[in-house]
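Working through the structure, step by step
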Amino acid sequence: MLAFIIRRIGQALLVLLAVGFVSFAMFKFMGDPLENLLGQEATLADRAELEERLGLNDPIPVQYMQYLARAMDGNFGVSYRVGLPVGEVILSRLPATLELAALSGFLAIFFGIIFGIYTAIRRDGFIAQTIMTTSLIGVSLPTFLIGVFLIWAFAVNLGWLPSFGRGQTASVFGVELAILTWSGFKSMILPAVTLGLYQMTLIMRLVRSEMLEVLRSDYIRFARARGLGDRAIHFGHALKNTLVPVITITGLQLGSIIAFAIITETVFQWPGVGLLFINAVNFVDIPVMSAYLLLVGAIFVTINLIVDLLYFVIDPRLQADRAGGGGH
Amino acid sequence: MADTQPKGAAPRPVFSGAVSPKSRLQRWADSDIWYSFKRSPVTIVATTVFFMLIAGALLAPLLSPYTPFDPGSLNLMNGFTEPMAANAFTGDYFLLGTDDQGRDVLSTILFGLRISLFVGITAVLFAMTLGITLGLIAGYIGGWLDGLIMRIADIQLTFPSIMVAMLLYGIGKGLIPPALRDEMAIWVLIVSIGLSEWVQFARTVRGATLVEREKEYVQAAHLIGLSKWSIMLRHILPNVAGPILVIATISLALAIIAEATLSFLGVGAPKTQPSLGTLINVGRQFILSGEWWILLFPSLTLLALALSVNLLGDWLRDVLNPKLR
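Residues numbered from 1 in each chain as written. Chains lettered and ligands numbered in written order. Predicted model: local features only at pLDDT ≥ 70, side-chain atom pairs only at ≥ 80, totals over all residues. Heavy atoms only, no water.

Check the secondary structure of chain A and you find 13 helices and two strands. Partitioning the contacts of chain A with sequence separation of at least 6, the portion at a separation of at least 24 is 69%. Carbon and sulfur atoms make up 66% of the accessible area of chain A, which totals about 16,600 Å². (Helix = DSSP H or I, 4+ residues; strand = E, 2+ residues; numbered from the N terminus. Contact = heavy atoms within 4.5 Å. Areas by Shrake-Rupley, 256 points an atom, 1.4 Å probe, with all protein chains shown as cover.)

If you want it as structure tokens, here you go:
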């Protein structure tokens, strides 16, 4: 058990180091930092001196270590576009993305599981069939089209919800959150639905197919033979085993919510890190791009790690296997 | 690819004595693939739509009623003409209306479809070539190369491919001089989408190669002294073609959507060479003022394209994957 956890954390660190290296390489090899720092009249001697002072003459591995050390302190350099330290800019944008991701993740999991169970139990019902057909279209629709059409329906035609921006925010422990104010919450509904819809259909289809599989298995038949009621079988016995793979996939999907937030945030002009990243790509703002890569890499690796460990905790069979295999 | 068809679809048992040699056409007509195709109306519709869209893209210069990217032929008075109505000032008729510049929406869609399909198909071909090569190397040669390739694949798989494509696009944009950026944008787009999707190909080919490598025909080929590359390309590759085809179709849908998404976000096809995504982005600016057709028709085209490719991919997967039957 312990060996597995340590090995898994080691792997995660390796991935993070690799991502960090890509991020460092972007920072280092694209664009000339000296060009940005030195003025027009700089002499070659100035240049050499600055090179020495910034440690640009050190071997690449040493520079990489220094880069990582600076990154740990949240020092990612200065944005070419807005002229502010990248760490500060990202930190000020992060709450917006996180609250949006949290709400849409919640919507996706909640409705995904409910619809999944429903369509599995009432397999041939009319409503279940309708949900399944709609979900097929939902999977094929690109996220940005969903967003645009939600704006068209609910903001332009019905006028119920705002079409862009974040509304008012309220401050909690110095963090600005939109979900706490009415106007902020209203602005959040459309982006959150857009972002969550795709993940919801995925979770729903997964829950449905897992549930159907489990309902066919022997132990469910025995439970029926014992005379247990539908409710006890579906929710007491079947659901538990359904959720094991669902947790893995859902966990991994949470990561992609952060990634797809880039699209949603652009459609709704939601001022999060995704919008920041797209603007950075547009302006070739390397420090912001490399910092974003590192941040998202860290988030993804952490999520994957937690999912793996959780999987291990949930499914006792795996523990037995690992213990038997001598921590292989 | 036609030679390898029987592998994926063993000829259905035919009662009329299988002694006489059959023409390729007959073999195809007897195959499982054709049988399953005939019995699936959804697939027939999807195929028809897909080929109509391809034809529309190929014949765009002939089919378009107007020349949307020739500034000389544009008339600003034609701007915002409603679909299926003549313009009030000039009397010109536009089936799907015009945008703010007086460009015919139907013509821009046909040309946009061209860009979308070109980028999508080229990107998938690129991803396929790269993925197959690396997959064969990893599976057949193995050793530290295998470890290296698969670790890179693992790391890349940690991130959603659309994000990888965005990042690569940003890097690509940074590497080419600003003056060439618009000109090169399409190629940067193709390379970034291609690089973001090679992993699926490589993993599948590697897995299949590991299985094929142990078979007798490969050992026989090795014994008669064929070179590694000859065995990989001429003997193993045709036998793993089925799964590759399935992944290629699914990747095509993904690549088309990725291209549309990037262009929609303004980091893909430039305004001078608009793809469907760019057109949707342009159309979005007019929904608040009521010109819905500039947005709706490109969106429907993209939807039809993505949906038909997806349905084709689903069908191919069911037919070529004997495990699911």
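A separate point is the overall build of chain B. Scanning chain B from terminus to terminus reveals 15 helices and two strands. Residue pairs in contact within chain B that sit at least 24 positions apart in sequence constitute 68% of those at least 6 positions apart. For chain B, the accessible surface area stands at approximately 15,900 Å², while carbon and sulfur atoms represent 67% of it.

Moving on, we get to the environment of glutamine 156 of chain B. Residue and element names in this part refer to chain B. Inspection of the secondary structure assignment puts glutamine 156 in helix H7 (residues 143-158). Under the relative-accessibility criterion, glutamine 156 is labelled buried at 15%. Considering only alpha carbons, one finds glutamine 156 and glutamate 197, 41 residues apart in sequence, at a separation of 9.4 Å. Once residues lying within four places of it in the same chain are set aside, the contact partners of glutamine 156 are Val164, Leu195, Ser196, Glu197, Trp198 and Val199. Looking at glutamine 156, its side chain comes within polar contact range of the side chain of tryptophan 198, at 3.0 Å. (Buried < 20%, exposed > 50% of the residue type's maximum accessible area, 1.4 Å probe, protein only. Polar contact = N/O pair within 3.5 Å; in protein donor to acceptor, adjacent residues only side chain to side chain.)

Once that is clear, we can look at H7 of chain B. In a regular helix each residue adds 1.5 Å, so 16 residues correspond to 22 Å; H7 of chain B covers 23 Å between its end C-alpha atoms and thus fits that length. If you check which residues of H7 of chain B are buried, you get Asp146, Ile149, Met150, Ala153, Gln156 and Thr158 of chain B. Contacts from the buried residues of H7 of chain B go to helix H12 (286-314) of chain A together with helix H6 (105-141), helix H8 (161-175), helix H9 (181-196) and helix H10 (198-213) of chain B. (Expected span 1.5 Å × (residues − 1).)

Quick look at the interface of chain B and chain A now. Contact residues are listed per partner, giving 36 residues for chain B and 35 residues for chain A. Summing the contributions of chain B and of chain A, the shared interface buries around 3,200 Å²; its carbon and sulfur component is 85%. In this structure, the connection of chain B to chain A is made through one residue pair in polar contact (both at pLDDT 80 or more). Elements with a contribution of two residues or more to the side of chain B that touches chain A: H7, H8, helix H13 (241-264), helix H14 (276-284) and helix H15 (293-320) of chain B. Among the residues making up the side of chain B that touches chain A, the classes are represented as 26 nonpolar, seven polar and three charged. (Buried area = accessible area lost by both parts, 1.4 Å probe. Nonpolar A, V, L, I, M, F, W, Y, C, P; charged D, E, K, R; others polar.)

Bringing the packing of aromatic side chains into the picture now. Residue and element names in this part refer to chain A. Throughout the structure, instances matching the rule amount to nine aromatic pairs over all chains. For the pair phenylalanine 277 and tyrosine 292, a centre-to-centre distance of 4.4 Å together with 20° between the ring planes defines the contact as stacked. Note that phenylalanine 277 is positioned in helix H11 (residues 273-283) and tyrosine 292 in helix H12, a separation of 15 residues in sequence. As far as burial versus exposure is concerned, phenylalanine 277 and tyrosine 292 are alike and both buried. Members of the aromatic cluster, joined through ring pairs, are Phe106, Phe110, Phe111 and Phe115. (Phe/Tyr/Trp six-rings, centres within 6.5 Å; stacked < 30°, edge-to-face > 60°.)

Attention now goes to the packing of helix H5 (residues 86-121) of chain A against helix H8 (residues 182-215) of chain A. Residue and element names in this part refer to chain A. At their nearest, the axes of H5 and H8 sit 6 Å apart, and the two run at 35° to each other. The crossing of H5 and H8 is right-handed. Along the lines of polarity and charge, the residues of the contact of H5 with H8 split into 23 nonpolar, six polar and two charged. (Axes fitted to C-alpha atoms, helices over the stretch in contact; angles between N-to-C directions. Left-handed = near helix turned anticlockwise from the far one by under 90°.)

On the surface, Phe106, Phe110, Phe111 and Ile114 of chain A cluster together to form a nonpolar patch covering roughly 370 Å² of accessible area. Along the polypeptide, phenylalanine 110 of chain A turns up in helix H5. (Patch = residues over 30% accessible without salt bridge, like charges linked within 9 Å, V, L, I, M, F, W, Y side chains within 5 Å. Salt bridge = Lys/Arg side-chain N within 4 Å of Asp/Glu carboxyl O.)

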